[in-house]
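Per-entry structural report
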Amino acid sequence: MTLSLMSWIALDALAHRPQAVEERLVIELPKISHVIGGEFVTGDEVFTVVLEYDTPFAMPMEMQVPRLRALENHRPVFAIVGPGLPEPTPELLDWLPAEVPEGMGVWVQRNDEPEREVYFEQVMRRTMWTTGSLAVHFPSAGTYEVWIWSPDFSVGEFWYGFGVEEDFSGGAWGGVFDDWGLFGW
Amino acid sequence: MRLFPIVFLLVACDTSVDQSQACAEWVSCIDARDAQLGITTDNDRFQLGGDCWGNPEIGELCDKACIAGLDQMRTAYDDLPEACL
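Residues numbered from 1 in each chain as written. Chains lettered and ligands numbered in written order. Predicted model: local features only at pLDDT ≥ 70, side-chain atom pairs only at ≥ 80, totals over all residues. Heavy atoms only, no water.

A few points about the overall build of chain A
Helix and strand counts for chain A come out as four helices and twelve strands. Sorting the 185 residues of chain A into buried and exposed places 57% on the buried side. Residue pairs in contact within chain A that sit at least 24 positions apart in sequence constitute 76% of those at least 6 positions apart. Roughly 8500 Å² of accessible area belongs to chain A as shown, and the carbon and sulfur atoms make up 51% of that amount. (Helix = DSSP H or I, 4+ residues; strand = E, 2+ residues; numbered from the N terminus. Buried < 20%, exposed > 50% of the residue type's maximum accessible area, 1.4 Å probe, protein only. Contact = heavy atoms within 4.5 Å. Areas by Shrake-Rupley, 256 points an atom, 1.4 Å probe, with all protein chains shown as cover.)

If you want it as structure tokens, here you go:
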């Protein structure tokens, strides 16, 4: 019943392929939209999502946090590290959670707007704070890493979403039920 | 006459929206950037008729993405083609 309801809702709403974050998560279908759910437990975790493209590519992405009083100061960020991206400034290099490999550039979403946009996610029916969506141009074929971390060491859940093309073949909806605590309510 | 309900349903179910101005600018910018760099970017979703325009929710998401993406491009690169400025 729940699945059929979600399938019906998904016809007219953006539905990302759900997946739980790992310390290093390689995305098998990086051109398909995903939502990567995770939680900062200690606040000093750095999660890496790996996107590998066979051609230059462009898509939107954003970082969301459940709109809960307990998370009002929780502002996880992401940086994209890979070939052809802008050269990082010394200030940015100091701020990043890891060393940028030689020759790689960086895009960053600092999640520092004073007023965060509120977004009602229609498939799982959850209200989220979002960084707002950012179109990103990956100007080279190759491997890009998305580093997700919490600069203020705040703890709590996050959803990192990217892409718009949907594909739920192969039981991709299963991620919702496997990790209900991350995606459900 | 018999086709009317089917045509009506198809029209009623069409939730697509127009490509936004910001994403038209994003597409022009990336096309020009591609020419500058000698590459071809898969930018299909933002283009006219792309997946961004399948329904209002996705359309709004893409529109905001294009506005923010163009801003970030302009801040990050000092050699952008005129179509990006």
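The rest of the description comes next.
Some thoughts on helix α3 (residues 56-76) of chain B
What sets the pattern is the α-helix's 3.6 residues per turn: residues three or four places apart point alike. Across its 21 residues, α3 of chain B extends 30 Å between first and last C-alpha, which sits within 8% of the 30 Å expected from 1.5 Å per residue. Of the positions making up α3 of chain B, those classed as buried are Glu 57, Ile 58, Gly 59, Leu 61, Cys 62, Ala 65, Cys 66, Gly 69, Leu 70, Gln 72 and Met 73 of chain B. At its buried positions, α3 of chain B is contacted by β5 (57-66), β7 (105-109), β8 (117-121) and β10 (134-138) of chain A together with α2 (21-37) of chain B. (Expected span 1.5 Å × (residues − 1).)

Focus on the sheet that holds strand β11 (residues 142-149) of chain A
Residues and elements named next belong to chain A. Judged by pairing direction, the sheet is mixed, and its five strands sit side by side in the order β2-β4-β11-β6-β7 without closing on themselves. Edge positions in the open sheet fall to β2 (24-26) and β7, since each of these has one partner strand only. Here the average twist between neighbouring strands, direction ignored, is 20°. Sheet analysis places β2 next to strand β4 (residues 46-53), joined by three bridges and oriented parallel. Paired with Leu 25 across the strands is Val 49, a residue of β4. (Pairing = 2+ DSSP bridges. Axes fitted to C-alpha atoms, helices over the stretch in contact; angles between N-to-C directions.)

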